[in-house]
Amino acid sequence: MGSIQLKKVEKRFGDVVVIPPLDLEIEDGDFVVFVGPSGCGKSTLLRLIAGLEDVSGGTIEINGKDATSVPPAKRGLAMVFQSYALYPHMSVRKNIAFPLRMAGMSQAEQDAKVNAAAKVLNLGDYIDRRPGQLSGGQRQRVAIGRAIVREPDAFLFDEPLSNLDAALRVNMRLEISELHSTLATTMIYVTHDQVEAMTMADKIVVLQAGHIEQVGSPLELYRSPRNLFVSGFIGSPKMNHITGAEAAKHGATTIGIRPEHIDLSTTEGMWKGVVGVSEHLGSDTFLRVDVGDLGTITVRASGEFAVHRGDTVYLTPQAMHLHRFGPDGLAIR
Amino acid sequence: MSRAVSTRRKAITTAAAWTIGLAIFFPILWTIITSFKTEAEAIASPPSLFNFHWTLENYFAVQERSNYFRHFWNSVVISLGSTLLGLAIAIPAAWSMAFVPTKRTKDVLMWMLSTKMLPPVGVLIPIYLMFRDTGLLDTRIGLVVVLTLINLPIIVWMLFTYFKEIPGEILEASRMDGATLRSEILYVLTPMAVPGIASTLLLNVILAWNEAFWTLNLTAAKAAPLTAFIASYSSPEGLFYAKLSAASTMAIAPILILGWFSQKQLVRGLTFGAVK
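Reading the values: rules and limits
Residues numbered from 1 in each chain as written. Chains lettered and ligands numbered in written order. Predicted model: local features only at pLDDT ≥ 70, side-chain atom pairs only at ≥ 80, totals over all residues. Helix = DSSP H or I, 4+ residues; strand = E, 2+ residues; numbered from the N terminus. Buried ≥ 20, exposed ≤ 12 C-beta atoms within 10 Å, placed from the backbone. Contact = placed C-beta atoms within 7 Å. Pairing = 2+ DSSP bridges. Axes fitted to C-alpha atoms, helices over the stretch in contact; angles between N-to-C directions. Parallel < 35°, antiparallel > 145°, perpendicular 65-115°, else oblique. Nonpolar A, V, L, I, M, F, W, Y, C, P; charged D, E, K, R; others polar. Domains from an automatic or database assignment. Expected span 1.5 Å × (residues − 1).

**Student:** Can you walk me through the overall build of chain A in this structure?
**Tutor:** When helices and strands are tallied, chain A shows nine helices and 18 strands. In terms of its C-alpha atoms, chain A occupies a principal-axis envelope of roughly 75 × 45 × 35 Å. In chain A, which comprises 333 residues, the proportion classed as buried is 40%. At a minimum sequence separation of 6, the contacts of chain A that also span at least 24 residues come to 63%.

**Student:** Just to check I follow, could you spell out the overall build of chain B for this structure?
**Tutor:** Scanning chain B for helices and strands turns up 14 helices and two strands. When the backbone C-alpha atoms are referred to their principal axes, chain B occupies close to 75 × 70 × 30 Å. The buried share among the 276 residues of chain B stands at 33%. For chain B, contacts bridging at least 24 residues in sequence account for 78% of all contacts bridging at least 6.

**Student:** Whenever I open this one, the sheet that holds strand E4 (residues 57–62) of chain A confuses me. Can you help?
**Tutor:** Hydrogen bonds along the backbone pair up the strands of a sheet, which may run parallel or antiparallel. Residues and elements named next belong to chain A. Taking strand neighbours across the sheet as the criterion, the four strands line up as E2-E1-E4-E5 in an open arrangement whose pairing is antiparallel. Only two strands of the sheet have a single partner each, and these edge strands are strand E2 (16–26) and strand E5 (65–66). Where helix H1 (residues 42–50) meets the sheet, its contacts fall on strand E1 (4–13), E2 and E4, and the angle it forms with E1 comes to roughly 115 degrees.

**Student:** In this structure, what is going on with the packing of helix H3 (residues 57–65) of chain B against helix H13 (residues 241–261) of chain B? I would like to understand it.
**Tutor:** For any two helices packed against each other, the geometry is given by the interaxial angle and the distance between the axes. Residues and elements named next belong to chain B. Contact pair H3 / H13: the axes reach a minimum separation of 9 Å and the direction vectors enclose 75 degrees. As summarised for this structure, H3 and H13 are arranged roughly perpendicular, according to the angle between their axes. Contacts from Asn58, Tyr59, Ala61 and Val62 in H3 reach Ala242, Lys243, Ala246, Ala247 and Met250 in H13. Residues belonging to the contact of H3 with H13 are distributed by class as follows: seven nonpolar, one polar and one charged.

**Student:** Help me out: how do you make sense of the environment of Ala73(A) in this one?
**Tutor:** On the secondary structure map, Ala73(A) appears in the loop between E5 and strand E6 (77–80). For Ala73(A), a count of 20 C-beta atoms within 10 Å gives the class buried. With 23 residues separating them in the primary sequence, Ala73(A) and Ala50(A) have C-alpha atoms 8.6 Å apart. Apart from the residues lying within four places of it in its own chain, the contact partners of Ala73(A) are Arg175(B), Met176(B), Asp177(B) and Gly178(B).

**Student:** How do you make sense of helix H8 (residues 168–176) of chain B when you look at a structure like this?
**Tutor:** Each full turn of the α-helix corresponds to 3.6 residues, which orients residues three or four apart in the same direction. Along H8(B), seven of the nine residues are buried, which leaves the element largely enclosed by surrounding structure. Of all the positions in H8(B), only Ile170(B), Leu171(B), Glu172(B), Ala173(B), Ser174(B), Arg175(B) and Met176(B) are classed as buried. In this fold, the buried residues of H8(B) make contact with H1 and E6 of chain A together with helix H4 (68–99) and helix H9 (181–192) of chain B. Positive phi shows up at Gly178(B), right after H8(B), with a value of about 95 degrees.

**Student:** Would you explain the domain arrangement of chain A in this entry?
**Tutor:** Domain boundaries in chain A define domain 1 (4–230) and domain 2 (237–325). For domain 1 of chain A and domain 2 of chain A, the distance between their C-alpha centres works out to 38 Å.

**Student:** Before we go on, may I ask you to explain helix H10 (residues 194–210) of chain B in this structure?
**Tutor:** With 17 residues, H10(B) should reach 24 Å at 1.5 Å per residue; the first-to-last C-alpha distance of 24 Å fits that figure. Every buried residue of H10(B) is accounted for by Gly196(B), Ile197(B), Ser199(B), Thr200(B), Leu201(B), Leu203(B), Asn204(B), Val205(B), Ala208(B) and Trp209(B).

**Student:** For this particular structure, what's the right way to read the sheet that holds strand E13 (residues 262–265) of chain A?
**Tutor:** Residues and elements named next belong to chain A. Taken together, five strands build an open sheet; the order of strands is E13-E17-E14-E15-E16 and the sheet is antiparallel. Only two strands of the sheet have a single partner each, and these edge strands are E13 and strand E16 (296–302). Taking each pair of neighbouring strands and ignoring which way they run, the sheet shows an average axis angle of 45 degrees. Of the strand pairs in this sheet, strand E15 (residues 284–290) and E16 are connected by seven bridges, and their pairing is antiparallel. Residue Asp290 lies in a different strand from E16, and its bridge partner there is Thr296.

**Student:** Please clarify how the interface of chain B and chain A should be interpreted in this entry.
**Tutor:** When the parts of a complex come together, some accessible area is lost, and that lost area is often used as the size of the interface. The interface is formed by 14 residues belonging to chain B together with 16 residues belonging to chain A. Per-element accounting of the side of chain B that touches chain A gives the leading share, six residues, to H8(B). Tallied by class, residues from the side of chain B that touches chain A come to eight nonpolar, two polar and four charged.

**Student:** I'm lost on the environment of Val145(B) in this one. Help?
**Tutor:** All names here are of chain B. Within the secondary structure, Val145 is located in helix H7 (residues 140–164). Judged by C-beta crowding, with 17 C-beta atoms within 10 Å, Val145 ranks as partly exposed. Along the primary structure Val145 and Ala16 are separated by 129 residues, whereas in three dimensions their C-alpha atoms are 41 Å apart.

Below you can see the structure in the form of structure tokens.
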């Protein structure tokens, strides 16, 4: 059981409104990712759910019961922090056992649970070391272990991978996804990295300035972004936005087309442009093409595409993947 | 070239540091040397630095005239007692100021520090009268209380700076893990702050050990610590430099030894936050 409902939840620090009243429903077993740029309130929202911050208004229900003023430990949630927040003076074993010890569990029970968690996370080799003697990835596992032993109704992750190097991040991403399918427990995961959001989530919540811009599955957000912000935030490289006469032709204020939805040719096409910077990744080539009045447009070509700075190319947007946005920034459907 | 300059600069800094260090240490050295002289040699002019008749007679005389160990024990009880009591009050206080600050926290800290700027003599009479009326004059309890209050601002300030260095997320993690406020302070904060608490303890033991104003004014015989023991050798019947020096040496020796062995902790404590 781990359903969470936010009803008109809001947060102010003095006169500063960090989160205006907001509603959100998280179902049991969901892997929900809060994503948004720095300072969008995603971590604050997570801390409100955790109970580490008090709400300024509204209610938080966990499993249908009002938990708004329930202290953090009694909410049945476990949290993994960005800095891991391990207790530096305790061994890995004691770190993981700490919540059990606080719950007054017997030594034998503690040992059994710690050993089980250590097995799931492969902590066996360094169970008696201190956090200072572990690498970043190992510390992260310990932090997750400390969360698992509590058998919480939901896990809260606050940018848990941002201190790891790129290769390790990909591994841990898979491990956390794996863990979610094994435990089938609700997970709420905060990140500013849209790739993490796209790869891990069942449901993505895109936030900006405390507002929920859109909630949906990764592909829903990719295929039909509700507004300009979401269209630009989800997808890498980001969607091209074109305004002016070209947009008016399609009956919109702004049109959007993703780099991967533009056909590229050296001989003919709809828009003529000059190649600027090109990034050759082997599997893909990203070109920045200067298309006069339309501005600079990013194009993705599959595989190697042999052009050089200054070459002329022709771009043709795929009509079925064209997004249209009205003057208010909302998508026209 | 640059290497030569840096060597020369290093030599100059080293020499300067030694000069300043010796200048600071000289009075203590002089006291120790004088304690081994006879009274006549102690006031001889010009004084001799090492070339005199070394004697232990002052130490025997001092031990015969007054009970060193009783004063020593009073000093131990008063300095340790006031420091431990101070820590018990200051740890929760510093916790709240470091981790749950309010708009007024900075003001409270400044206000606490400002009490250290008050000349103690300004409150001597009221405190003396309060002590007289409550029967605290010349008691160890009374001195423990007064020295706790005197050093509390420093203890709180030192602990506050240490606690500030502890990441708040770790305490939040303990809260998520079900720790009560008491367990959070006892099992998480305090063990992490042990180095800081240790240097605070050491510094305050030293401050309390050396405190002379209140210990001299609020004691007579029973609770008199080593400061009073030294002072008793500067009497109306005349100054006995050699015996006074012997008494001083005996009074500062324990704290000097403690300081020597814990200098690493102390330096870390006093420069904490400045260098990371």
